[in-house]
Amino acid sequence: YTGEDFRRIVQKRPEVLLKSTGSYEATLSFLTNELRMAKTEVLLTLRREPILLSRNVESLGENLAFLQELGLSVEDVKGAAIQFPNILRYTIANMEEKLEVLEDYGVNDAGIRDVLRKHPFVVSLSRATLEDKISFFVDEQGWELADVLKYRKCFTYSLHRRLRPRLRFAKMNGVALQTKVAWMDCNDQQFAKMLGTSADAYRAFLETYAPARV
């Protein structure tokens, strides 16, 4: 590991300097030996979330064990940690709370494993946000739950600042959106074009849009 690697890590999370070099070595050993990460994967993981260097190895091991108990392999956990390193840092109780939401909607064990492999960041959402977004797509839009879990965008875009306003504007213009995700992913100009109107018209709508009335 180079000085430049460490500089980037410290710039992002200066608090890691409070830990001993022995603590660094223990974390690096855990990622390398327990999660079987290559050097490049370790660097990518730590650049994304340097605070892992401040987490004690016992806690990292507990999270690994918890995820394995759910049926994920070490390779699965490694992939999830590279995508979203905080899955090794969040408390088990925190993660269980989010997984309970999925269970309440009927997601089985295999489905939960699939979510953790593909969208591990879901455990970072508040319980209320996760419930609201699933309810929006399943209960209000009539989507199949499998489709909601398939698309990352369902969880990343703001319900009140992007999803609801766009659907409301489409309805006002008498347009039924034909694609599941393109209308979420495009910018405002592309979205307006998709509806056969102008970006100015959409911006004007947003200035008067009141989420509480939708």
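Note that this is a predicted model, so its numbers are computed, not measured.

Caption draft 1: Local environment of the nonpolar core. Counting residues in hydrophobic clusters, the biggest one holds 62 residues, and the most contacted among them are L35, I87, L88 and F155. With residues near it in sequence (within four places) discarded, F155 still touches F121, V122, L125, L130, K133, I134, V148 and L149.

Caption draft 2: Structural view of the packing of helix 3 (residues 39-48) against helix 5 (residues 74-83). Running from N to C, helix 3 and helix 5 cross one another at 45°; their axes reach a closest spacing of 8 Å. For the element pair helix 3 / helix 5, the angle class is oblique. Each of E41, L44, T45 and R48 in helix 3 lies in contact with helix 5, whose residues at this interface are K78, A81, I82 and Q83. Residue composition of the contact of helix 3 with helix 5, grouped by class: 3 nonpolar, 2 polar and 3 charged.

Caption draft 3: Structural context of helix 4 (residues 57-69). Helix length check: helix 4 (13 residues) gives 18 Å between terminal C-alpha atoms against 18 Å at 1.5 Å per residue, within 8%. For helix 4, the set of buried residues is S59, L60, N63, L64, F66 and L67. For helix 4, the angular spread of buried residues about the axis comes to 160°, placing them on one side. Facing away from the buried side of helix 4 by over 90 degrees, the exposed positions are E58 and E69. Downstream of helix 4 by a residue or two, G71 has a phi angle that is positive, lying close to 110°.

Caption draft 4: Here's a closer look at the side chain of N63. Mapped onto the fold, N63 is located in helix 4. We classify N63 as buried; its relative accessible area is 2%. Separated by 3.2 Å, the side chain of N63 and the backbone oxygen of I87 make a polar contact. Those residues in contact with N63 that lie beyond four places of it in its chain are R55, I87, L88, R89, Y90, I92 and M95.

Parameters and conventions
Residues numbered from 1 in each chain as written. Predicted model: local features only at pLDDT ≥ 70, side-chain atom pairs only at ≥ 80, totals over all residues. Heavy atoms only, no water. Core = buried A, V, L, I, M, F, W, Y, C linked by side-chain atoms within 4.5 Å. Buried < 20%, exposed > 50% of the residue type's maximum accessible area, 1.4 Å probe, protein only. Contact = heavy atoms within 4.5 Å. Axes fitted to C-alpha atoms, helices over the stretch in contact; angles between N-to-C directions. Helix = DSSP H or I, 4+ residues; strand = E, 2+ residues; numbered from the N terminus. Parallel < 35°, antiparallel > 145°, perpendicular 65-115°, else oblique. Nonpolar A, V, L, I, M, F, W, Y, C, P; charged D, E, K, R; others polar. Expected span 1.5 Å × (residues − 1). Arc of directions from axis to C-beta. Polar contact = N/O pair within 3.5 Å; in protein donor to acceptor, adjacent residues only side chain to side chain.

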